[in-house]
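# Summary of structural features
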Amino acid sequence: MDNFIPTMGLEVHAQVKSKSKIFCRCATDFSEKPNTNICPICMGFPGVMPSINEEVVKKAVKAGMALNCRINLRTGFARKNYFYPDLPKGYQITQFKVPVAENGFVILSNGKKIRIRRLHIEEDTGKMIHDQNEDTLIDFNRAGVPLIEIVTEPDFESSAEAVEYMNRIREILRYTEVSDANMEMGELRGEPNISVRRNMGDMLGTKTEIKNLNSLKAIEKGIDFEIERQSRLLKEGREVLSETMLYNEKKQEVIPMRKKESASEYRYFIEPDLPDLIIEEAFIESVKKEMPELPEEKRVRFIKQYNVSRIESEILSSEKSLADFFEEAIKNIKQTKRCVNFFIREIPAILNSKSIDSAELKFSASDFNELLREIDSESVNLNSAQIVLSEMSEGRGKAEEIIERMNLKQTNDDFKAMELIKEIIEENPKEVERYKKGEEKLFGVLVGLCMKKAKGSISPAAINKILKEMLK
Amino acid sequence: MRVSDIISKYRAKEETPITLLDGIYEKIEKDDLNDYISLTKNIAYEEAYHSKIRHEKGMPLSDIDGVFFSIKDNIAVENIRMTCGSKILSDFISPYSATVVERIRAKGGIIVGKTNMDEFAMGSSNESSYFGPVKNPVDTSFVPGGSSGGSAASVAASHACISIGSDTGGSVRQPSSFCGVVGFKPTYGEVSRYGLTAFSSSLDTMGIISETVRDSKRVFDIIRGEDAHDSTLSSKKAGKRDYKRVGYLDAIPQADKPVEEIYGKRIEDLKKDFELVKIKMDFIDISISTYQIQTMCETSSNLARFDGIKYGLQSKSGKNLREIYSAVRGDGFGSEVKRRILIGTYFLTHNEGEYYSLSFRLRDYIANEIDKIFENIDAIVIPTSLTLPFKFNEKTSSPLQMHLSDSLTAFSNLANVPAISINGGYSNNLPCGIQLVGKRFDDDSLLEFAERAETIWRENG
């Protein structure tokens, strides 16, 4: 393939976390039995009128601020008109000319600034379900669920950048509690628009949009397939049409779905049933007060405060709940480095293996703090601490009890052994090196050297245990 | 049928809500005006029964307890069919009630039935109803006006005391003029629209039709005011004041001769008590085009929900979505409704909706012009309609001619000002309404002025 240059923008839809829908009081839980969370308003019955759920406005403003946007103090709603069975009113209430927030940005790890053009509020549609008998059923539970749409400028040059951006957005929406942003649940959806051109100086090519990307993997692949498809077309001297493409996960391809609509086909006009949305300065101030420390701020602070690396700080801050758990657990610890390392090595592994988040652990942050204190005061060594932790994560007691029960406390012998082994290790660097490279028999040699030096003052068991740990 | 007459009959124990209701239903059947699409006998008798007991105990809920209401069939009453005068909703039962309906029922009002209307309130003669035309009770060979033709006829024929209609460009006032009753369109933002099937959301208002101004006022005080379901309501209030200076036109070129005569006489009548000021209203011509663009654009969107998917007329025969939509909407809507949807869709599509944007600028212009007029005067007095009631089929072949019926009424919707039509007299036994227009949110003072004018005109015969 010739090296065509891709240019991409992303439209992200996120479901706003809210008990009730955007224009009525129905519950937003669309996993319930079909067509149970509906009312005349979200079903668009004749005569109904929308009234805005302020919680949604608040969250949209919060998201806008977290994404460095300017908040528009006077904004409003518009109708996007089109016919589709899952759209009860024959139009979607959204924002058109003046969105609630605009001109923001997100910075990627390569230092690149992705500009956010606008962030607006809108309502979701219902869901069409095709059953085995070729009937199409419609579930309106999702109709009227609040969404925010975040639109970037065409600033992406690779699928990797798009994926990282999605991760950043997800993190920010979760931190600010604007959205749960689970992609598998459809709470966060990304729709890239893509064009390619031959040279940097050329005009941007015709763009297409890809839909049905339900995971980060899908976003990555969908974009790569589409870049390849467009490049192939241009290379063959054919034309890229302005189309909406559909990603097919099973077939691993993108196929054209329909011609892309232009704005005038949607006959946008001001929603006459809703007054302008006036956002007061005081409202913005109150949102500011609720604004948590954002992921990037937290990472910078962690690097400074806990002396961790960039990557470590990313692991620790990937979820706000995990970061909070971490900070609670690390309280009043002197040997931070040792304990942070233990935390990073153990906790994410447990969460991953059980696919749970930190709130679902069988022990609390302060329980874990108790264990770290034992490590900190060196009453247990790291091997033992690992055993204690695995007991804790099965809900079999607290650190102190487990240490007691399993007799894992370091004895006087252990400390003496440590001192002595340190010397042996320093004195025999070659042997240590060879052991670490895999010559296991050298372990016996090192044990022998220790025994000789201890002259019977330390138990062989202690020497064995401590040496093994120190050689890790 | 006046509210005070009914109440005094209850007090004197001459009648009960049940006996009066019997009489009303008998008369509806006997008169055969086709003013009702649905009669709500079940709920009416139940409400009448409770009202009767309250009156017997001497504990009525309000001064409309036991008073009979008809409701235009584009306003929702829970569990009652709401057709909007259209085939597409001919079997639609509303699952909820409009705010105005709830307020009326909470005060003891009894709902007699749902009244006939032009399809989706588009029309000025009630001839576009899928349920057939309504006969004018004044003379049954004439139309009752529209779109709230059934509502005005029901009040004029004593088939109800009060009717709740809707007024987007004159739909309450013009039929009131044609049937010789009072029709009041409040300021947009005074009465909740929740439950009123939208025709043109930025212009639609609930309206009241009654025999007297006092009765309109009574009901207005019950239905007006804040409603969590309608965010376009306004809490603005103008202080009450006495009207002194009244503006009038010294010539209305397009008006029929009898209309001009009656108008001239009524202006003369007012001269004793008010200072009459000649005014100009040059924006009337553009108000018609502005009105057409606005209503057609908004209606093309408001009526999109009638697609045969969720409720109303359905089609089982379509092979695909497009065929289903075409079958349902092609069969379900009448020609006037289709015409307006198509034109509105064109207006919104063409050049990114520039006509619609333009219509808002014209609306601002008209509102400004009216504000300027009101700097000098307290109220405008003009005829409600350019014509007296006309005969069936006289104008149906010319939509443009029919659209001109809104000439003297649409501007008050465009400028969001209150207006009330009162019968000004008769020519050849046909009634002619005179319209009083007030300042925005000046509804209370306007109604007071209307009561005075009503008295003066009655005294002068």
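If you're wondering where the values come from, they're calculated on a predicted model, not measured in any experiment. (Residues numbered from 1 in each chain as written. Chains lettered and ligands numbered in written order. Predicted model: local features only at pLDDT ≥ 70, side-chain atom pairs only at ≥ 80, totals over all residues. Heavy atoms only, no water.)

### Points about the overall build of chain A
What counts here: In DSSP terms, a helix is any run of H or I states spanning at least four residues, a strand is any run of E spanning at least two, and both are numbered starting from the N terminus. Each residue's exposure class comes from its accessible area (1.4 Å probe, protein chains only) as a fraction of the maximum for that residue type: buried when under 20%, exposed when over 50%, partly exposed otherwise. Contact criterion: two residues are considered in contact whenever any of their non-hydrogen atoms come within 4.5 Å of each other. To measure how exposed things are, a 1.4 Å probe is used in the Shrake-Rupley method; for residues, cover is taken only from the protein chains shown. Think of it this way: Lys and Arg go in the positive column, Asp and Glu in the negative one, and His and the chain ends go nowhere. Throughout, a charge is located at the NZ atom of Lys, the CZ atom of Arg, the CG atom of Asp or the CD atom of Glu.
Along its length, chain A carries 15 helices and 16 strands. Counting only residues that meet the buried cut, chain A has 53% of its 472 residues in that class. Summarising the internal contacts of chain A: among those between residues at least 6 apart in sequence, 68% fall at separations of at least 24. When the accessible surface of chain A is split by element, carbon and sulfur atoms take 50% of a total near 22600 Å². For chain A, the distance from the average position of its 74 positive side-chain charges to the average position of its 80 negative side-chain charges is 2 Å.

### Some remarks on the pairing of strand S5 (residues 91–94) of chain A
All names here are of chain A. Rules: A pair of strands counts as paired when DSSP detects no fewer than two bridges linking them.
The side-chain alternation of S5 yields two buried faces, one formed by Tyr91 and Ile93 and the other by Gln92 and Thr94. Where strand S4 (residues 78–81) meets S5, four bridges bridge the pair, whose relative direction is antiparallel. Across the sheet, residue Lys80 finds its bridge partner in S5, namely Gln92.

### Considering the state of the cysteines
As a reminder, the rule being used: When two cysteine sulfur atoms are found within 2.5 Å, that pair is recorded as a disulfide.
Evaluation of the coordinates by the stated rule reveals zero disulfides over all chains. Left without a disulfide partner, B:Cys179 is nearest to the cysteine sulfur of B:Cys432, which lies 13 Å away.

### Some remarks on the interface of chain B and chain A
A common way to express how large an interface is: the accessible area buried when the components associate. The following threshold applies: By definition, the buried area sums, over both parts, the 1.4 Å-probe accessible area that each loses when the two are put together. For this analysis, a salt bridge means a side-chain nitrogen from Lys or Arg found within 4 Å of a carboxyl oxygen belonging to Asp or Glu.
In this assembly, 36 residues from chain B lie in contact with 29 residues from chain A. Of the roughly 2800 Å² buried between chain B and chain A, counting both surfaces, carbon and sulfur atoms make up 64%. Three residues, B:Ser231, B:Arg305 and B:Lys310, lead the burial of chain B against chain A; their summed loss comes to 20% of the area buried on that side. The interface formed by chain B and chain A contains one salt bridge. Of the charged contacts, one joins A:Asp273 and B:Arg193 as a salt bridge, the two residues approaching to 3.0 Å between their closest N and O atoms.

### Some details on the domain arrangement of chain A
All names here are of chain A. Note the threshold: Boundaries of every domain are those given by an automatic assignment or by a domain database. Under this definition, polar contacts are N or O atom pairs within 3.5 Å; protein pairs additionally need one hydrogen-donor-capable and one acceptor-capable atom, and for neighbouring residues in sequence, both atoms have to be side-chain atoms. Three classes are used: nonpolar for Ala, Val, Leu, Ile, Met, Phe, Trp, Tyr, Cys and Pro, charged for Asp, Glu, Lys and Arg, and polar for all others, with Gly counted as polar.
Per the domain assignment, the segments making up chain A are domain 1 (4–286), domain 2 (293–405) and domain 3 (414–471). Look at where the C-alpha atoms of domain 2 and domain 3 centre, and you get two points 29 Å apart. On the side of domain 3, five residues touch domain 2, which itself brings four residues to the contact. When the two sides are added together, the surface that domain 2 and domain 3 hide from each other amounts to roughly 380 Å², 40% of it contributed by carbon and sulfur. It is Glu378, Asn381 and Asn383 in domain 2 that bury the most area against domain 3; as a group they hold 86% of the surface buried on that side. Our enumeration of links across domain 2 and domain 3 arrives at three residue pairs in polar contact (both at pLDDT 80 or more). The residue makeup of the side of domain 2 that touches domain 3, split by class, is one nonpolar, two polar and one charged.

### Section: the pattern of salt bridges
All names here are of chain B. Applying the stated criterion across every chain, the model contains 79 salt bridges over all chains. Between Lys27 and Asp31 there is a salt bridge whose closest N-O contact spans 2.8 Å. Taken as a pair, Lys27 and Asp31 lie in helix H2 (residues 17–31) at a separation of four residues, close to a single helical turn. By relative accessible area, Lys27 is classed as partly exposed at 29%.

### Some points on the packing of aromatic side chains
The criterion, for reference: Aromatic rings from Phe, Tyr and Trp, with only the six-membered ring used for Trp, were paired whenever their centres fell within 6.5 Å, and each pair was classed as stacked if the ring planes differed by under 30 degrees, edge-to-face if by over 60, and tilted otherwise. Charge over a ring is defined by NZ of Lys or CZ of Arg lying within 6 Å of the ring centre and within 35 degrees of the ring normal.
A complete count under the given rule lists 37 aromatic pairs over all chains for this structure. With a centroid separation of 6.2 Å and 70° between ring planes, the pair formed by B:Phe306 and B:Tyr311 is classed as edge-to-face. We classify B:Phe306 as buried; its relative accessible area is 3%. Accessibility expressed as a relative area gives 9% for B:Tyr311, which makes it buried. Consider the rings of B:Tyr356 and B:Phe360, whose centres lie 5.0 Å apart with planes at 85°: the pair is edge-to-face. Within this pair, B:Tyr356 and its partner B:Phe360 are both found in helix H12 (residues 354–376), separated by four residues, close to a single helical turn. What makes B:Tyr356 buried here is its relative accessible area of 5%. Taken together, the ring pairs in this structure connect A:Phe302, A:Tyr306, A:Phe325, A:Phe326, A:Phe342, A:Phe343, A:Phe363 and A:Phe368 into an aromatic cluster. One cation-aromatic arrangement involves A:Arg79 over A:Tyr91; the distance from NZ or CZ to the ring centre is 4.0 Å. The residue whose ring lies beneath A:Lys113 is A:Phe105, and the NZ or CZ to ring-centre distance is 4.3 Å.

### A look at the side chain of A:Glu191
Residue and element names in this part refer to chain A. Within the secondary structure layout, Glu191 lies in strand S11 (residues 188–197). Judged by its relative accessible area of 10%, Glu191 is buried. In this structure the side chain of Glu191 is engaged in a polar contact, spanning 3.2 Å, whose partner is the side chain of Lys211.

### As for a negative patch on the surface
What counts, and what does not: Note on patches: the residues involved have over 30% relative accessible area and no salt bridge, like charges join within 9 Å, and the nonpolar side chains Val, Leu, Ile, Met, Phe, Trp and Tyr join within 5 Å.
Negative charge collects at one region of the surface, where B:Asp22, B:Glu26, B:Glu29 and B:Asp32 lie side by side. Within the element layout of this structure, B:Asp22 appears in helix H2.

### Examining the pairing of strand S13 (residues 243–248) of chain A
All names here are of chain A. The test is simple: A crossover counts as right-handed when, viewed with the strands pointing away from the observer, the path leading from the first strand over the helix to the second turns clockwise.
Pairing of strand S12 (residues 208–211) with S13, which is carried by three bridges, proceeds in the parallel orientation. The residue of S13 that forms the bridge with Ile210 is Met245. For the segment spanning S12, helix H3 (residues 216–235) and S13, crossover handedness is left-handed. Relative to strand S14 (residues 253–259), S13 runs antiparallel, the two sharing six bridges.

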